[in-house]
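# Chains, contacts and geometry: an overview
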Amino acid sequence: MYNVIIARTEQQKKDAFAVRKKVFVEEQNVPLHLEIDDFDTSDDVVHFVLYENDTVVGAARIRESEPGVAKIERVCIERDYRGKNLGLLIMQEIEKHVHTLPFTAMKLNAQTYAIPFYEKLGFVVTSVEFLDAGIPHRSMEKTI
């Protein structure tokens, strides 16, 4: 059984960081100092963790990037769990949470290959392609 939670304990945050490290640092070669940043320790960031029973398999975080805008970041699913609609599951839980807050829009920077996934969720491309940690991205936005 899969379950998305908001990380409230240090262990749950460590679980989120562990899967992010596995996906972004080990798999995609993002430098650790770029992956784990100052926002990770901010009280204003909400970390989401996706578990299969007691095994962490995905993570994401949100923060207010500008007044009224929730920035979704670090969305990842462990390699062996991709293709099971778990990215959709974590994004649905993020959006449910965002709707409980005073936000009017959501933004994210999508890796170029993932743009169709986010478009299906109602996000629209708002930038030209750019490199982030050497990986092609485009900014996307969704009005709430």
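Here we summarise the structure given alongside this text. (Residues numbered from 1 in each chain as written. Predicted model: local features only at pLDDT ≥ 70, side-chain atom pairs only at ≥ 80, totals over all residues. Heavy atoms only, no water.)

So, on to the layout of surface pockets. Considering only enclosed or pocket space, the largest pocket measures out at about 810 Å³ in volume. Lining of the largest pocket is provided by 33 residues; of these, F24, V75, C76, Q111 and Y118 occupy positions nearest its centre. Of all the secondary-structure elements, those providing two or more residues to the lining of the largest pocket are α1 (10-27), α2 (32-35), β4 (69-77), α3 (86-98), β5 (105-111), α4 (115-120) and β8 (135-143). For the lining of the largest pocket, the element with the most residues is β4, which contributes seven residues. A class-by-class count of the residues in the lining of the largest pocket yields 19 nonpolar, seven polar and seven charged. Within this model, the second largest pocket holds a volume of roughly 220 Å³. Lining the second largest pocket are 14 residues, with A7, K13, S42, V45 and H47 positioned closest to its centre. Per-element tally for the lining of the second largest pocket: the top contributor is α1, with three residues. (1 Å grid on protein atoms, 1.4 Å probe; cavity = no way out; pocket = protein on both sides within 12 Å on 5 of 7 lines; lining within 4 Å. Points joined across faces, edges and corners; volume = space filled by probe spheres on them. Helix = DSSP H or I, 4+ residues; strand = E, 2+ residues; numbered from the N terminus. Nonpolar A, V, L, I, M, F, W, Y, C, P; charged D, E, K, R; others polar.)

What follows deals with the packing of aromatic side chains. For the structure shown, the criterion picks out three aromatic pairs. Centroid distance F117 to Y118: 4.9 Å. Interplanar angle 70 degrees. Geometry classified as edge-to-face. With relative accessibility at 30%, the residue F117 sits in the partly exposed group. Take Y118: its relative accessible area is 8%, and that puts it in the buried class. The interplanar angle of 80 degrees and the centroid separation of 6.1 Å between the aromatic rings of Y118 and F123 together place this pair among those described as edge-to-face. Through a chain of ring-to-ring contacts, the aromatic side chains of F117, Y118 and F123 assemble into a single cluster. Residue placement shows R63 over the ring face of F39; its charged tip is 3.7 Å from the ring centre. (Phe/Tyr/Trp six-rings, centres within 6.5 Å; stacked < 30°, edge-to-face > 60°. Buried < 20%, exposed > 50% of the residue type's maximum accessible area, 1.4 Å probe, protein only. Lys NZ or Arg CZ within 6 Å of the ring centre and 35° of its normal.)

Bringing α1 into the picture now. The end-to-end C-alpha separation of α1 is 24 Å, in line with the 26 Å expected for 18 residues at 1.5 Å each. The sharpest bend along α1 measures roughly 30 degrees and falls at K21. Taken as a whole, α1 has its buried residues at Q12, D15, A16, V19, R20, V23, F24 and V25. With its phi angle positive at about 60 degrees, N29 sits one or two positions after the end of α1. (Expected span 1.5 Å × (residues − 1). Bend = angle between axes of the 7 residues up to and from the residue.)

A few words on the side chain of S139. Mapped onto the elements, S139 comes out in strand β8. Leave out the neighbours within four places in its chain, and S139 touches L108, N109, V124, V125, T126, S127 and F130. (Contact = heavy atoms within 4.5 Å.)

Okay, the pattern of salt bridges next. Counted according to the given criterion, the structure contains 15 salt bridges. R82 is the salt-bridge partner of E27, the closest N and O atoms lying 2.8 Å from each other. Pair noted here: E27 is in helix α1 and R82 is in the loop between β4 and α3, with a separation of 55 residues, a long-range link. In this structure R82 comes out as partly exposed when scored by relative accessible area, which is 36%. (Salt bridge = Lys/Arg side-chain N within 4 Å of Asp/Glu carboxyl O.)

Moving on, we get to the side chain of E95. Examined against the element boundaries, E95 turns out to sit in helix α3. Given the relative accessible area of 19%, E95 is considered buried. When neighbours within four sequence positions are excluded, E95 is seen to be in contact with M106 and K142.

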